[in-house]
Amino acid sequence: HLSGLQLRRETDSYRRMATSQRATRERKTVNYKEPGQIPLSILEKDYTEKEDKIDEDDDFEAPRPASASKAARKRAKTDGGSAPGTPSGGGGKRKSGNMMGPPAAISANDSLSGIVLNKASAIPMAAKSWWASFETDPVTAVHKLTNMVLEMTGCRKTLPLACFQEDDETDMDVDDYIKQLVEHYTSASGEGELVPLLSGANKLAKRNQANFADFWEKWVSHAPEAELQILHENPFCPWLHAMSTSQLQPLRIAAATVGLEIMLALVGKANDTLDNMSSLQRMYETAKGVQKDRLKEQLDSKREIRTNAEVTLGSFFNSLVVHRHRDINHEIRTKSIKAIGELVVRYKHKFLDNSYLKYVGWALSDKHQDVRLAALGAIQSFYTENLANELEMFTSRFKERVHQMRLDKDKNVQLLAIETAKTMAEKELLSADQVEEMYHLLKEDDASVRSAVADFIQSTYVDQDLESAYEVAAKKTPKNKPDKETFMLKGMVEMISAVAGDMHHLHPLIESLQTQMPFLSEVGLLCSVLLEENEDDSLEADQRVTLAEMLEAVMALATRNTGNDDADRFQGKKNVASKSGKEACLMVAQSLPALLRKFGADAEMLEPLVLIVDHLQMDSFSAKDKVLHEVADMVSDVTLKAQSDDLLDACGRALANLLDSEYAARSAVQGRLSTLLTSLVGDVRKASNACNQGHKLTVLNGMAIKRATTVAGHVDLFAMDPALRQYVVVMLKAVAENDEKGKLPGAMISDIMVMGVAYVGHRAGDEELKDMTEVLEVRDCVLECANEILRSHNVTRVLKNTAIVAIGDL
């Protein structure tokens, strides 16, 4: 048996074996192109003979092409004090051959891989036992550790002990052994033998990944202090580097995971050392005499440990991360970028430097969404950890790219980009234009994106801009402070008007905003601001229109009436009002007549205000509520005066709700609307008589037909006056027979066809209707009219399109 001293000498001798006796073969140089120029179809072979130094320049330009050196690693069992992957060794020669071992029992519980896969609770003891075996038999220990990585990759055939032994006389180095193994699994004979245990997103694969990472964390934590300081010289490192540069993708993934987990575990050790140094430094400053000398020795020892840890971290970074951050496999690139982010946050003493940060910035432009997501996550952690003051150059270089990613094609990346931009805006790192451009995402179709932007607006615009503006306004008039909610509402109206002024309906926008800003849902507040007389802080005309549209959207959301289908009302479906919906309806109904009177001459304002009537839940009102009578009179008056298509459509919807819903005051309201309905039918009769007599219809006739057609699309006017059907038939026949004489304008013809389609639509759903003769007559008239239009060469494209749509609807 060897004594402890002899064992230590044997181990040191194993580390420091010279390579001068072994010849090295030249290998071709591989140039590493900068991000965006890498031919991803070709896997890089990044073998290095010396430690690559990290660029010390502070600029963030793309990396200069680096070249892989000739192979200098000849043995796996020697290290010679070089960086990971640059070992040296000695020995004679013997004939080369297939050094692959027999198939391994991957799931054997007594092996390291078996423990990782099946006995997670035994991982700490396994890591501790490995270091004990390394002290006595480093060759066997490295053999077991290397094969464990191969087995976790899914290799059923691993490397024999002879590859690691001191008397290895083959003319093969570490790379050759790994290359031979890779060739076996990429050849036809090796296909199907590889069973990856760390790939995939299922529950078993995730458990294996977690256990595998935990093993390496425990492996570092149980390492003896002397070994930890020179971990980059461990004879396992050359094998690790060779595996990380192999062409076998699962093997590269496993090796990259090992290296990154070792680095992160080393950072934990280094942080512990820094904490101890801080405590010792405070004690040293107050100590005297002999105690001070002892503390100085301890401080020097800790400084040496920290220095060695940083050398090890730098060595691993240069040999692994520098190359793997641009690997062809996106999983490896993702792991590398995540690791860099963690290193910067957890050990900023070394890694909070532009030479490391630039890799994260470059990853923002990666072609794979997972890598971009990892880069954004790293940047988000930088700013949440209050590192903004030390990231000035990084921020100035890459903030525009972060801002651009708000439009990323991947939704998860887009959401994280918005979150990151919010953090940056809170620290005033974005320009005013960039912040305003973020607001425009409120118009996105995706609800989750709108919700994220609403959170951004709450954080930057409401909590910062509006709050500070309110404080200034309150100081100007301390005795007459403005109402805060009113002030905030006007500020939001101003922003929404500038951002979403071109949106016809604000339902999705308000739905996202009101979760963050409840004052937007206060119907009484919105109505009171609309009814304000001209004051110094009154809204502009376009902003009042926006506020009216906001009120309409709030009512639509409160009553859950955001659709455009009137089918339920055609069936006489009773509105079921919720408690909050009832309160909103009662409150807005009290202000609605005054609003309609105030803005009665403004068509833009009238459209959203009249549309509010469509959202009223009519069973919220009792028979004694006279406000509905006034609302019905106002809607009737607006309908008779309306000329724009949008306003007429809003009137039609409002009338459908008032006439077709079931509620207590329905009969009284219908009585007030009967005059309007009689007038609409009478105007159509006049146009029909004129058309039947061969007279040319006037503009007033055309407007009357248009008004009746729009209302008939929502309300069954034909049931109220059956004669209306005959009027429509007369005009349709006139179009088919006399259109060439120019008796009817094109817009009027479109309205007449649409009215015929509306009649068929109302009757087609009537199950009680037995005789379909009249319905078929109208249908045939519409089809004949449409066919004449399509055959004619003197009609506009718009009219032909209307004819095609009418045929399709029928």
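Thresholds applied
- Along every chain, residues carry numbers that run from 1 in the direction the sequence is written.
- Local features in this predicted model are restricted to residues of pLDDT 70 or higher, and side-chain atom pairs are both shown and tallied only at a pLDDT of 80 or more, whereas totals for entire chains, interfaces and linings draw on every residue.
- Computation of side-chain values covers all heavy atoms of the structure but excludes hydrogens and water.
- Put simply, DSSP marks the helices as runs of H or I at least four residues long and the strands as runs of E at least two long, and each gets a number from the N terminus on.
- Residue exposure (1.4 Å probe, protein chains only): buried if accessible area is under 20% of the type maximum, exposed if over 50%, otherwise partly exposed.
- Any two residues whose heavy atoms approach within 4.5 Å at even a single point are treated as in contact.
- Residue-level accessible areas treat just the shown protein chains as cover; the underlying method is Shrake-Rupley with a 1.4 Å probe.
- Take the buried residues of types Ala, Val, Leu, Ile, Met, Phe, Trp, Tyr and Cys, join any two whose side-chain atoms come within 4.5 Å, and each joined set is a nonpolar core.
- Between N-to-C directions, angles cover 0 to 180 degrees, with each direction set by a line fitted to C-alpha atoms, over the stretch in contact for helices.
- Put simply, angles under 35 degrees are roughly parallel, angles over 145 are roughly antiparallel, angles from 65 to 115 are roughly perpendicular, and the rest are oblique.
- Any residue that is not Ala, Val, Leu, Ile, Met, Phe, Trp, Tyr, Cys, Pro, Asp, Glu, Lys or Arg is counted as polar, Gly included; the first ten are nonpolar and the last four charged.
- In this scheme the handedness of a crossing depends on how the near helix is turned from the far one: anticlockwise by less than a right angle means left-handed, clockwise means right-handed.
- Within this document, salt bridges are pairs made up of a side-chain nitrogen of Lys or Arg and a carboxyl oxygen of Asp or Glu, the two lying within 4 Å of each other.
- Whenever two N or O atoms come within 3.5 Å, that pair is a polar contact, provided that in protein one can donate a hydrogen and the other can accept it, and provided that, for residues adjacent in sequence, both atoms are side-chain atoms.
- For Phe, Tyr and Trp, where Trp contributes only its six-membered ring, two rings pair if their centres lie within 6.5 Å, and the inter-plane angle classes them as stacked under 30 degrees, edge-to-face over 60, or tilted in between.
- pLDDT measures how confident the predictor is about each residue, on a scale from 0 to 100.
- By definition, no residue in a patch forms a salt bridge, and every one has over 30% relative accessible area; like charges are joined within 9 Å, nonpolar side chains (Val, Leu, Ile, Met, Phe, Trp, Tyr) within 5 Å.
- The charge count includes Lys and Arg as positive and Asp and Glu as negative, but it does not include His or the ends of the chains.
- A single reference atom marks each charge: NZ on Lys, CZ on Arg, CG on Asp, CD on Glu.

J.: What is the right way to look at the overall build of the protein in this model?
T.: When helices and strands are tallied, the protein shows 34 helices and two strands. Looking at the protein residue by residue over its 810 residues, the buried ones come to 52%. Restricting to contacts in the protein with at least 6 residues of sequence separation, those with at least 24 account for 75%. Here the protein has roughly 37000 Å² of accessible surface; of this, 48% comes from carbon and sulfur atoms.

J.: What is the right way to look at the nonpolar core in this model?
T.: Side chains of a nonpolar character, in soluble globular proteins, are inclined to be buried together. Counting 233 residues, the largest nonpolar core has Phe215, Trp216, Trp219, Ile457 and Met492 as its most contacted members. Top contributing element to this core by residue count: helix α9 (residues 249–286), with 12 residues. Those residues in contact with tryptophan 216 that sit more than four places away from it in its chain are Leu145, Met148, Val149, Phe236, Val258, Glu261, Ile262 and Ala265.

J.: Help me understand the packing of helix α3 (residues 123–136) against helix α4 (residues 138–153) in this model?
T.: When two helices pack together, their arrangement is given by the angle between the helix axes and the distance between those axes. Where α3 contacts α4, the axes come no closer than 6 Å and their chain directions differ by 140°. Here α3 is positioned oblique relative to α4, judged by the angle of their axes. Along its contact with α3, which presents Trp130, Ser133, Phe134 and Thr136, the element α4 presents Pro138, Ala141, Val142 and Leu145. Class assignment for the residues of the contact of α3 with α4 results in six nonpolar, two polar and no charged.

J.: Mind showing me how you'd approach the packing of helix α27 (residues 645–660) against helix α29 (residues 699–712) here?
T.: At a minimum axis separation of 8 Å, α27 and α29 run at an interaxial angle of 45°. Considering the angle they form, α27 stands oblique to α29. Where α27 crosses over α29, the two elements pack in a sense that is right-handed. Two secondary-structure elements touch here, α27 through Asp645, Leu648, Asp649 and Leu655 and α29 through Met703, Lys706, Arg707, Thr710 and Val711.

J.: How should I be thinking about helix α20 (residues 507–516) in this particular structure?
T.: An α-helix turns once per 3.6 residues; consequently, residues spaced three or four apart project the same way. Listing the buried residues of α20 in full gives His507, Leu509, Ile510, Ser512 and Leu513. On the buried face of α20, the contacting elements are α18 (447–476), α19 (484–500) and α22 (541–558).

J.: Explanation requested: the environment of alanine 375 in the structure shown.
T.: Secondary-structure assignment places alanine 375 in helix α14 (residues 369–384). Residues alanine 375 and valine 413, 38 residues apart in the sequence, show an inter-C-alpha distance of 9.8 Å. Beyond its immediate chain neighbours, meaning those up to four positions away, alanine 375 contacts Ile337, Val360, Ala363 and Leu364.

J.: Explanation requested: the pattern of salt bridges in the structure shown.
T.: Side chains bearing opposite charge may pair, as long as their charged atoms lie close to each other. For the structure shown, the criterion picks out 23 salt bridges. Close ionic contact of arginine 324 with aspartate 327 constitutes a salt bridge, the shortest N to O distance being 2.8 Å. Assessed through its relative accessible area of 1%, arginine 324 is described here as buried. By relative accessible area, which is 0% here, aspartate 327 ends up buried. Two residues, lysine 706 and aspartate 645, come together in a salt bridge whose shortest N-O distance is 2.5 Å. Here the residue lysine 706 occupies a position in helix α29, and aspartate 645 occupies one in helix α27, the gap between them amounting to 61 residues.

J.: Before we go on, may I ask you to explain the side chain of asparagine 147 in this structure?
T.: When you line up the elements, asparagine 147 lands in helix α4. Within the structure, the side chain of asparagine 147 is placed 2.8 Å from the side chain of histidine 143, a separation counted as a polar contact. When near neighbours in sequence (up to four residues on either side) are disregarded, asparagine 147 contacts Thr158 and Leu159.

J.: Mind showing me how you'd approach the environment of methionine 720 here?
T.: Among the secondary structure elements, methionine 720 is positioned in helix α30 (residues 717–720). Taking the C-alpha atoms as reference points, methionine 720 and serine 674, separated by 46 residues in sequence, lie 9.2 Å from one another. Once residues lying within four places of it in the same chain are set aside, the contact partners of methionine 720 are Leu659, Leu677 and Val715.

J.: Please clarify how the packing of aromatic side chains should be interpreted in this entry.
T.: The way to describe two aromatic rings as a pair is by their centre distance and the angle between their planes. Tallied over the full model, the rule gives 24 aromatic pairs. Summarising the aromatic geometry, the rings of phenylalanine 317 and phenylalanine 351 are spaced 6.0 Å apart at their centres and angled 45° between planes, so their arrangement reads as tilted. Of this pair, phenylalanine 317 sits in helix α10 (residues 289–324) while phenylalanine 351 sits in helix α12 (residues 348–351), and the two are 34 residues apart along the sequence. Taken individually, phenylalanine 317 and phenylalanine 351 each receive the classification buried, so the pair is uniform in this respect. A centroid spacing of 5.1 Å and a plane angle of 45° characterise the contact between phenylalanine 394 and phenylalanine 398, whose relative ring orientation is tilted. Taken together, the residues span about one helical turn, with phenylalanine 394 and phenylalanine 398 both in helix α15 (residues 392–404) at a distance of four residues. When sorted by exposure, phenylalanine 394 lands in the same class as phenylalanine 398, which is buried.

J.: How should the confidence of the model for the protein be read in this particular structure?
T.: Interpreting fine coordinate detail is not advised for predicted regions of low pLDDT. Mean pLDDT over the protein works out to 80, with 81% of the residues at or above the 70 mark. Within the model, the stretch residues 1–98 combines pLDDT values under 50 with 236 contacts to residues more than four positions away or in other chains. Considering only residues more than four positions removed or in separate chains, one finds that residues 564–577, a stretch of pLDDT under 50, has 31 contacts.

J.: What should I look at first to understand a negative patch on the surface in this one?
T.: Among the surface-exposed residues, Glu494, Glu540, Asp542 and Glu604 lie close enough to one another that they form a single negatively charged patch. Along the chain, glutamate 494 falls in helix α19.

J.: Please clarify how a nonpolar patch on the surface should be interpreted in this entry.
T.: Taken together, the side chains of Leu790, Ile804 and Ile807 define a hydrophobic patch exposed on the protein surface, amounting to about 230 Å² of accessible area. Topologically, isoleucine 807 is positioned in helix α34 (residues 797–809).

J.: When you look at the environment of threonine 420 in this model, what are you seeing that I'm missing?
T.: Here threonine 420 is to be found in helix α16 (residues 411–426). It is 8.9 Å that separates the C-alpha atoms of threonine 420 and histidine 403, two residues lying 17 residues apart in sequence. Leaving out residues up to four positions away in the same chain, threonine 420 has contacts with Leu376, Ile379, Gln380 and Val402.

J.: Looking at this model, I keep getting lost on unusual backbone geometry. Mind explaining?
T.: The general pattern is negative phi for most residues beyond glycine and trans for most peptide bonds. Phi is positive for asparagine 386, which is not a glycine, with a value near 60°. Position of asparagine 386 among the secondary structure elements: in the loop between α14 and α15. Using a relative accessible area of 57% as the deciding quantity, one classes asparagine 386 as exposed. The backbone phi angle of glutamate 428 is positive, close to 60°, even though this residue is not glycine. Along the chain, glutamate 428 turns up in the loop between α16 and α17 (432–439).

J.: Help me understand the side chain of serine 336, please; the structure alone is not making it clear to me.
T.: Turning to its location among the elements, serine 336 is positioned in helix α11 (residues 330–346). With residues up to four places along the chain from it excluded, the contact list for serine 336 reads Leu260, Val321, Arg324 and His325.

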